[in-house]
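Geometric and topological summary
The chain contents come next:
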Amino acid sequence: MSKTFCLGSAALALFLCIQPASADPAANAAANLFMQVCRADNLTNPERIRAWATGHHLPEVNNPKGRAVFVGDGPDGVAWHIHDENTELVLAIRSKTGGCAVYAEPLDPAALGQIYSMLIAGYAQKFSVTTPLPDKVQQGPFGTRIGKVRLIEVPASKSHLLLTLITNEKSGGPYQGTLQITLTHPSN
């Protein structure tokens, strides 16, 4: 299935110019990877994401449990492991949605939340940003888990962007924080 997404040069520049600003080096590493690779123009051509991972000689996540967490169900997704001096990262193309995700463990969840808010504020300068689902807070084995979803409506496009944040209060699970971006195609 071919996806068409037109993100104007001003929007692309806005997205690329937002720099992570956190005191947590691990959250910054996750955000830098996200902003470098999970760009809207790469969502329409996931081969660019694959080429980036190949060019950086990243090992694929082949463990079935790891794939289930990072990629989801289905054969189309792929995930790669990245060891950063501050955290362990996973870059993934989600199987069902084709979205791009960066997972990190450990990191400061509040710092990643601040970066997410900065991304949303940057998008809100040029586009309509709505909250299609209420923020979700629940208790789990790794403390409080927070999930946020924002829809970025790009007027010149038939597609929109769905930007997601999930953080876990405590480390020890497969990830402590993730940033995800997915193209959506609203019904007419």
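Residues numbered from 1 in each chain as written. Predicted model: local features only at pLDDT ≥ 70, side-chain atom pairs only at ≥ 80, totals over all residues. Heavy atoms only, no water.

What the protein chain contains, in helices and strands, is six helices and eight strands. Its helices and strands in sequence order give the protein chain the pattern α-α-α-α-α-β-β-β-α-β-β-β-β-β, from N to C terminus. Per-residue burial for the protein chain yields a buried fraction of 48% across its 188 residues. The long-range fraction of contacts in the protein chain, counting pairs at least 24 apart against all pairs at least 6 apart in sequence, stands at 53%. Accessible surface for the protein chain amounts to roughly 9,400 Å². Of this, 54% is attributable to carbon and sulfur atoms. (Helix = DSSP H or I, 4+ residues; strand = E, 2+ residues; numbered from the N terminus. Buried < 20%, exposed > 50% of the residue type's maximum accessible area, 1.4 Å probe, protein only. Contact = heavy atoms within 4.5 Å. Areas by Shrake-Rupley, 256 points an atom, 1.4 Å probe, with all protein chains shown as cover.)

If you look at the biggest cluster of nonpolar residues, it comprises 42 residues, and the most contacted ones within it are Phe34, Leu91, Leu163 and Ile181. With nine residues, helix α2 (residues 25–37) is the single largest residue contributor to this core. (Core = buried A, V, L, I, M, F, W, Y, C linked by side-chain atoms within 4.5 Å.)

Tallying each qualifying case throughout the model produces four salt bridges. As a salt-bridge pair, Glu47 and Arg50 come within 3.3 Å of each other at their nearest N and O atoms. Taken together, the residues Glu47 and Arg50, both in helix α4 (residues 47–55) and three residues apart, mark about one turn of the helix. A relative accessible area of 26% means that Arg50 is categorised as partly exposed. Between Asp135 and Arg150 there is a salt bridge; the shortest N-O distance is 2.9 Å. (Salt bridge = Lys/Arg side-chain N within 4 Å of Asp/Glu carboxyl O.)

Orientation of α2 relative to helix α6 (residues 109–124), taken along the N-to-C sense of each, is 35°, at an axis distance of 9 Å. Pair α2 / α6 crosses with right-handed handedness. Residues Ala27, Asn28, Ala30, Ala31, Phe34 and Met35 of α2 form the contact with α6, whose own contacting residues are Ala111, Leu112, Ile115 and Leu119. A per-class count over the contact of α2 with α6 returns nine nonpolar, one polar and no charged. (Axes fitted to C-alpha atoms, helices over the stretch in contact; angles between N-to-C directions. Left-handed = near helix turned anticlockwise from the far one by under 90°. Nonpolar A, V, L, I, M, F, W, Y, C, P; charged D, E, K, R; others polar.)

Our focus in this paragraph is the state of the cysteines. Think of a disulfide as a covalent bridge from one cysteine sulfur atom to another cysteine sulfur atom. In this structure the tally under the stated criterion is one disulfide. The residue that forms a disulfide with Cys38 is Cys100, at a sulfur-sulfur distance of 2.0 Å. Handedness of the Cys38-Cys100 disulfide follows from its S-S torsion of about -60°: it is left-handed. Here the residue Cys38 occupies a position in the loop between α2 and α3 (40–43), and Cys100 occupies one in strand β3 (residues 100–105), the gap between them amounting to 62 residues. (Disulfide = S-S within 2.5 Å.)

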